[in-house]
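# Topology and contacts: notes
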Amino acid sequence: RGYRLDAIVEVNGKKVGIEVDGPSHFLAKKPVGGTILKRRQVTNLEGISLVSVPYWEWNKHRDNRGKKQQYLRSLLQLS
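So, here is what we can say about the structure in this document. (Residues numbered from 1 in each chain as written. Predicted model: local features only at pLDDT ≥ 70, side-chain atom pairs only at ≥ 80, totals over all residues. Heavy atoms only, no water.)

### Considering the nonpolar core
Our working rule: Residues grouped as a nonpolar core are buried Ala, Val, Leu, Ile, Met, Phe, Trp, Tyr and Cys residues, joined through side-chain atoms within 4.5 Å. To sort residues, take the accessible area from a 1.4 Å probe on protein chains only and compare it with the maximum for the residue type: under 20% means buried, over 50% means exposed, and anything in between is partly exposed. The helix and strand labels rest on DSSP assignments: H or I over at least four residues marks a helix, E over at least two residues marks a strand, and numbering proceeds from the N terminus. Should any heavy atoms of two residues lie within 4.5 Å, those residues are considered in contact.
The biggest cluster of nonpolar side chains holds 7 residues, and these are Val11, Val16, Ile18, Val51, Val53, Tyr71 and Leu76. If you list the elements that add at least two residues to this core, you get β2 (14–21) and β5 (49–54). Beyond its immediate sequence surroundings of up to four residues, Val53 is in contact with Ile18, Glu19, Val20, Asp21, Trp58, Tyr71, Leu72 and Leu75.

### What to know about the side chain of Asp21
Counted only if it meets this: Nitrogen and oxygen atoms within 3.5 Å of one another constitute a polar contact, given that in protein one can donate a hydrogen and the other can accept it, and given that sequence-neighbouring residues count only through two side-chain atoms.
Relative to the helices and strands, Asp21 is located in strand β2. A relative accessible area of 1% places Asp21 in the buried class. Only 3.0 Å separates the side chain of Asp21 from the side chain of Arg39, close enough to count as a polar contact. In terms of polar contacts, Asp21 uses its side chain to reach the side chain of Ser52, at 2.8 Å. In contact with Asp21, not counting residues within four places along its chain, are Phe26, Thr35, Arg39, Ser52, Val53, Pro54 and Tyr55.

Following this line, the structure appears as structure tokens:
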């Protein structure tokens with residue numbers, strides 16, 4: 001059994017995993033142990049860079065598609 005990622009995109013020829021992390025991934029806005037382990041293993045074993053989208057950051061842009069796109073582009077270092 002392996003891990004699942006919410007999305008995998010290619011940025012400048014490299015695979016980047018995107019994880020949209022909900023409230024169960026955090027305690028006081030800090031990642032819990034299972035989330036930390038997943039990030040480490042995906043990065044080390046699969047060689048995929050991983051970008052986390054914390055729910056509170058995503059919710060700031062709830063009704064604005066353009067802002068969501070801009071936020072993702074900034075995380076992926078495309079803007």
